[in-house]
Amino acid sequence: MEQSTFDAVNQFFDSAADRLKLADSLREMLRRPWRELQVHIPIRMDDGQIHVFTGYRVQHNAARGPYKGGVRYHPDADIEEVRALASLMTWKTALVDLPFGGAKGGVQVDPRQLSNNELNRLTRRYTQSIDHLIAPNRDIPAPDLGTNAQTMAWIMDAYGQLHGHSPAIVTGKPVEMGGSLGREAATGRGAAYILQEASRDFRLDIQEARIVVQGFGNAGSWAARLMRDMGCKIIGVSDVDGGVYNPGGLDVDRLFDYQIESGGIAGFSGSEEISNDDLLELDCDVLVPAAIDNVITENNAGNIKAKLIFEVANHPITPGADRILNEAGVTILPDILVNAGGVIVSYFEWTQNIQEFHWEEERVNQELKKKILVAYHAVQSRAVKEGITHRQASFEIGIQRVARVVELRGFV
Ligand code: NAD
């Protein structure tokens with residue numbers, strides 16, 4: 001039987017837990033989500049028909065603070081995937097030392113097939129269905145794959161109708177409604193800050209670096225543009241329909257505008273077409289998967305030419321592929337470190353909402369840089385000192401922090 005995404009994430013967890021010599025009882029309580037809710041959401045579609053969508057909210061662990069995690073709209077967002085992503089949030093928030101736990105939500109839907117009105121109704125009904133689980137001090141949703149600031153505005157409005165004005169109920173909302181400056185770019189910006197810092201450790205000339213980015217949505221398009229601003233050459237980019245390639249470098253600003261005008265990146269002038277599979281195997285210095293999970297597997301890991309992989313997407317590499325790449329000497333900077341910029345600035349947004357005091361963007365970016373680089377250096381020095389992978393080092397730091405609080409609270 002194929003391994004589920006949750007089992008795959010737990011394989012990474014177990015490898016770290018083994019080295020940390022965690023007791024079985026503690027390990028069991030850290031692996032499993034504390035609470036899971038499945039909901040069925042009936043929506044009247046624009047054509048008058050009723051369609052019932054399935055959704056989830058998984059609250060993995062709240063030892064260190066309120067549950068925190070995005071909401072994903074994707075046809076494959078089943079319970080195993082949402083569980084896996086919720087667990088990654090627990091280790092991520094601990095690794096970057098935020099006072100949050102880990103959660104994730106998902107609705108099995110292709111948002112591109114729904115009108116704006118249908119998405120609005122779906123989001124409100126989903127919010128009502130999980131209303132008893134969320135609160136500014138209990139569980140705080142945010143955008144993820146297939147959702148955005150508009151989705152968060154609908155959640156905040158639906159929640160506010162029952163509970164009064166509550167901007168801290170979601171992060172990643174529009175700035176006009178209390179969102180933080182810098183939140184939209186934060187995931188890509190955090191990855192770019194790490195690349196700049198890591199280039200010294202990995203002797204990468206950032207001015208010469210050739211980068212390939214899979215996924216040109218919120219996280220991928222910002223990562224591409226900010227890495228380009230540092231001098232890197234973005235030679236390949238893709239979205240769900242395929243990719244574009246130019247070994248001399250793509251004009252990613254023009255590509256971003258082109259995507260808005262044409263609804264995709266296909267047909268971008270000054271580039272060759274390339275499939276998503278071939279894009280991952282391009283000759284480049286840094287490969288940045290920034291789309292969906294499980295794209296690098298045992299089937300294609302041996303063909304990857306990049307020596308450095310930056311996991312902007314969550315869980316893009318299966319454990320089998322991870323092993324092949326490690327053996328081949330490829331350095332993988334893992335999701336729970338590389339894409340933590342999003343949840344770091346979500347934390348800043350939440351604190352700004354609670355204080356009703358807003359920061360300038362420069363302060364947001366400075367504090368983000370400080371926080372994400374502290375985590376990067378902790379991971380890098382542990383990996384070097386212990387002779388382990390960056391993924392093992394990241395999981396170990398996160399797990400140790402959660403385990404400590406679980407003990408302090410007297411759970412074990
Ligand atoms: P998004 O919906 O804004 O963009 C997703 C992009 O991936 C789009 O360009 C889409 O066309 C492309 N895509 C979808 N399916 C694909 C496929 N099968 N092959 C290739 N490309 C495909 O989503 P996002 O918010 O940018 O999230 C992307 C990844 O980053 C996810 O794994 C998400 O969990 C992770 N992430 C996002 C944030 C955030 O703040 N948005 C934070 C942390 C992690």
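Residues numbered from 1 in each chain as written. Predicted model: local features only at pLDDT ≥ 70, side-chain atom pairs only at ≥ 80, totals over all residues. Heavy atoms only, no water.

1. Some details on the side chain of Thr-90
Here's step 1: Within the secondary structure layout, Thr-90 lies in helix 3 (residues 79-95).
Here's step 2: Not counting residues within four places of it along the chain, the set of residues in contact with Thr-90 comprises His-60, Asn-61, Gly-101, Gly-102 and Val-402. (Helix = DSSP H or I, 4+ residues; strand = E, 2+ residues; numbered from the N terminus. Contact = heavy atoms within 4.5 Å.)

2. Re the site of the ligand
Here's step 1: The environment of the ligand is formed by 22 residues, the closest being Asp-144, Thr-187, Asn-218, Ala-219 and Asn-314.
Here's step 2: Here Asp-144 contributes a side-chain N or O atom positioned 2.6 Å from an oxygen atom of the ligand.
Here's step 3: At 2.9 Å, a backbone N or O of Gly-146 approaches an oxygen atom of the ligand.
Here's step 4: Considering the ligand on its own, with 830 Å² of exposed area, one finds that the protein chains cover 84% of that surface.
Here's step 5: Of the residues belonging to the shell around the ligand, the class tally is 9 nonpolar, 9 polar and 4 charged. (Near = heavy atom within 4 Å. Polar contact = N/O pair within 3.5 Å; in protein donor to acceptor, adjacent residues only side chain to side chain. Areas by Shrake-Rupley, 256 points an atom, 1.4 Å probe, with all protein chains shown as cover. Nonpolar A, V, L, I, M, F, W, Y, C, P; charged D, E, K, R; others polar.)

3. A closer look at helix 5 (residues 149-163)
Here's step 1: Taking 1.5 Å of rise per residue, 15 residues should cover 21 Å, and helix 5 covers 20 Å from first to last C-alpha, within 8% of that figure.
Here's step 2: In the core, the buried residues of helix 5 are packed alongside strand 3 (67-73), helix 4 (116-130) and strand 5 (139-143).
Here's step 3: Where helix 5 begins, one side-chain oxygen reaches toward the backbone nitrogen of Gln-150, 3.1 Å away; that side chain belongs to Asn-148.
Here's step 4: Count one or two residues on from helix 5 and you reach Gly-164, which has phi positive near 85°. (Expected span 1.5 Å × (residues − 1).)

4. Regarding the packing of helix 6 (residues 186-201) against helix 7 (residues 218-229)
Here's step 1: With their axes 7 Å apart at the nearest point, helix 6 and helix 7 run at an angle of 40° to one another. What the angle tells us is that helix 6 and helix 7 run oblique. Considering only the axes of helix 6 and helix 7, their crossing is right-handed. Taken together, the residues of helix 7 that come into contact with helix 6 (itself represented by Thr-187, Gly-188, Arg-189, Ala-191, Ala-192 and Leu-195) are Ala-219, Trp-222, Ala-223, Leu-226 and Met-227. (Axes fitted to C-alpha atoms, helices over the stretch in contact; angles between N-to-C directions. Parallel < 35°, antiparallel > 145°, perpendicular 65-115°, else oblique. Left-handed = near helix turned anticlockwise from the far one by under 90°.)

5. Brief notes about the sheet that holds strand 10 (residues 286-289)
One key point about sheets: their strands pair by backbone hydrogen bonds, in either a parallel or an antiparallel sense.
Here's step 1: Taking strand neighbours across the sheet as the criterion, the 7 strands line up as 9-8-7-6-10-11-12 in an open arrangement whose pairing is mixed. The open sheet has two edge strands with one neighbour each: strand 9 (272-274) and strand 12 (331-333). Each neighbouring strand pair of the sheet contributes to a mean axis angle of 20°, computed without reference to strand direction.
Here's step 2: With 4 bridges joining them, strand 7 (residues 233-239) and strand 8 (residues 242-245) adopt antiparallel strand pairing. Bridge assignment links Asp-239 to a residue of strand 8, and that residue is Gly-242.
Here's step 3: Of the strands in this sheet, strand 6 (210-214), strand 10, strand 11 (308-310) and strand 12 are in contact with helix 6, which crosses strand 11 at around 155°. (Pairing = 2+ DSSP bridges.)

6. Description of the sheet that holds strand 1 (residues 35-44)
Here's step 1: Ordered in space as 1-2-4-3-5, the 5 strands form an open sheet in which the pairing is mixed. Of all the strands in the sheet, just strand 1 and strand 5 have a single pairing partner and so form its edges. Mean inter-strand twist for the sheet, computed between neighbouring axes without regard to direction, equals 20°.
Here's step 2: Docked against the sheet, helix 3 engages strand 1, strand 2 (50-61), strand 3 and strand 4 (102-107), running at close to 150° with respect to strand 4.

7. With respect to the packing of helix 3 against helix 14 (residues 390-408)
Each pair of packed helices can be summarised by the angle the axes make with each other and by the distance between the axes.
Here's step 1: Between helix 3 and helix 14, the shortest axis-to-axis distance is 8 Å and the interhelical angle comes to 85°. When the interaxial angle is binned, helix 3 and helix 14 end up roughly perpendicular. Across the interface between the two elements, Leu-88, Thr-90, Trp-91, Ala-94 and Leu-95 from helix 3 touch Ser-394, Phe-395, Ile-397, Gly-398, Ile-399, Arg-401 and Val-402 from helix 14.
Here's step 2: Its residues placed into classes, the contact of helix 3 with helix 14 shows 8 nonpolar, 3 polar and 1 charged.

8. Describing helix 7
Here's step 1: If you check helix 7, its first and last C-alpha atoms are 17 Å apart, about what 12 residues at 1.5 Å a residue would give, namely 16 Å.
Here's step 2: Along helix 7, the residues that are buried comprise Ala-219, Gly-220, Ser-221, Ala-223, Ala-224, Arg-225, Leu-226 and Met-227.
Here's step 3: Contact partners of the buried residues in helix 7: helix 6, strand 6, strand 7, helix 8 (252-262), strand 10 and strand 11.
Here's step 4: With its phi angle positive at about 115°, Gly-231 sits one or two positions after the end of helix 7. (Buried < 20%, exposed > 50% of the residue type's maximum accessible area, 1.4 Å probe, protein only.)

9. Let's talk about the environment of Asn-339
Here's step 1: Note on placement: Asn-339 falls in the loop between helix 11 (335-338) and helix 12 (341-355).
Here's step 2: In sequence terms Asn-339 and Pro-141 are 198 residues apart; their C-alpha atoms lie 16 Å from each other.
Here's step 3: In this view, Asn-339 contacts Lys-92, Thr-187, Glu-311, Val-312, Ala-313 and Asn-314; residues no more than four positions away in its chain are not counted.
Here's step 4: Engagement of the side chain of Asn-339 in a polar contact is seen with the side chain of Lys-92, the distance being 2.7 Å.

10. Details of unusual backbone geometry
Glycine aside, a negative phi is what most residues show, and trans is what most peptide bonds show.
Here's step 1: For His-315, which is not a glycine, the phi torsion comes out positive at approximately 50°.
Here's step 2: Summarising the element assignment, His-315 is placed in the loop between strand 11 and helix 10 (319-327).
Here's step 3: Among the residues examined, His-315 registers a relative accessible area of 2% and is labelled buried.
Here's step 4: At Glu-356, a position not held by glycine, the phi torsion is positive, near 50°.
Here's step 5: In this fold, Glu-356 is placed in the loop between helix 12 and helix 13 (361-386).

11. Some remarks on the packing of aromatic side chains
The description of two aromatic rings rests on the distance between their centres and on the angle between their planes.
Here's step 1: A full pass over the atoms with the stated rule returns 10 aromatic pairs.
Here's step 2: A centroid spacing of 5.9 Å and a plane angle of 45° characterise the contact between Tyr-347 and Phe-348, whose relative ring orientation is tilted.
Here's step 3: One aromatic cluster in this structure is built from Phe-100, Tyr-347, Phe-348, Trp-350 and Trp-359.
Here's step 4: Geometry around Phe-6 places Arg-83 over its ring, the cationic atom sitting 5.9 Å from the centre.
Here's step 5: Above the ring of Phe-256, the side-chain terminus of Arg-225 is found at 3.7 Å from the ring centroid. (Phe/Tyr/Trp six-rings, centres within 6.5 Å; stacked < 30°, edge-to-face > 60°. Lys NZ or Arg CZ within 6 Å of the ring centre and 35° of its normal.)

12. Some remarks on the pairing of strand 1
Here's step 1: Pairing of strand 1 with strand 2, which is carried by 10 bridges, proceeds in the antiparallel orientation. Of the residues in strand 2, the one forming a bridge with Val-39 is Gly-55.
Here's step 2: Once strand 1 ends, the chain turns through 5 residues before running back antiparallel as strand 2, passing Gly-48 with a positive phi of about 95°.

All quantities given are derived from atomic positions and should not be read as evidence of function.
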